[in-house]
Amino acid sequence: MRLPLKLLALAGLAALPFSGMATAQSESASDVIRSQIEAFIADDVGTAFGFASPMIQGMFGTPERFGEMVRGGYPMVWRPDDVRFLDSRDAGPARYQTVMIRDQAGALHFLEYMMIQQGGEWRINGVRFLEPPGAGA
């Protein structure tokens, strides 16, 4: 699978080829988000679903229903033009990672991913939209 060069250089990090053999156990929270986005780009909803927490998996039940929700509610995540990782913070057992995504039309979206540890692996436990910086000023 060939990924757009932009996605391989996310957040200015060293570009490493995505390996389908990588597991969340050896990945940071941002690596898990990046891997899920790469799975969406490849239309591999089964793999993308695997990066979700058990709670999220339970809410949707199947990878197909999860994929439908992402396509409809988070199209910028399904087909991003550019992805950049911004700040992260820990709050109790959770880590919150801010991600800026440019969609195919050029619009910027700011999302906050809630990450939790499950069995020593990071899992996505929710995503919410944030107001763009300066929007409330």
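Now for a quick tour of the structure. All values derive from a computational prediction rather than experimental measurement.

**Points about the overall build of the protein chain**
Within the protein chain one finds 6 helices and 4 strands. Traced from its N-terminal end to its C-terminal end, the protein chain shows the element sequence α-α-α-α-α-α-β-β-β-β. Taking all 137 residues of the protein chain together, 40% fall into the buried category. Within the protein chain, contacts between residues at least 6 apart in sequence are counted, and of these 42% link residues at least 24 apart.

**Looking at the nonpolar core**
Generally speaking, a soluble globular protein has its nonpolar side chains buried in company with each other. In this structure, Ile33, Phe66, Val77, Ile101, Tyr113 and Met115 are the most contacted members of the largest nonpolar core, which totals 28 residues. If one sorts the elements of this core by residue count, helix H2 (residues 29-41) sits on top with 6 residues. If near-sequence neighbours (up to four positions away) are discounted, Ile101 is found in contact with Ile37, Met76, Val77, Pro80, Asp82, Val83, Ala107, Leu108, His109 and Leu111.

**As for helix H5 (residues 63-73)**
Among the residues making up H5, those that are buried are Phe66, Gly67 and Val70. Buried residues of H5, viewed axially, fall in a sector of 100 degrees; they line one side. The inward-facing, buried residues of H5 contact H2, helix H3 (45-50), helix H4 (54-60) and helix H6 (75-78).

What counts and how
Residues numbered from 1 in each chain as written. Predicted model: local features only at pLDDT ≥ 70, side-chain atom pairs only at ≥ 80, totals over all residues. Heavy atoms only, no water. Helix = DSSP H or I, 4+ residues; strand = E, 2+ residues; numbered from the N terminus. Buried < 20%, exposed > 50% of the residue type's maximum accessible area, 1.4 Å probe, protein only. Contact = heavy atoms within 4.5 Å. Core = buried A, V, L, I, M, F, W, Y, C linked by side-chain atoms within 4.5 Å. Arc of directions from axis to C-beta.

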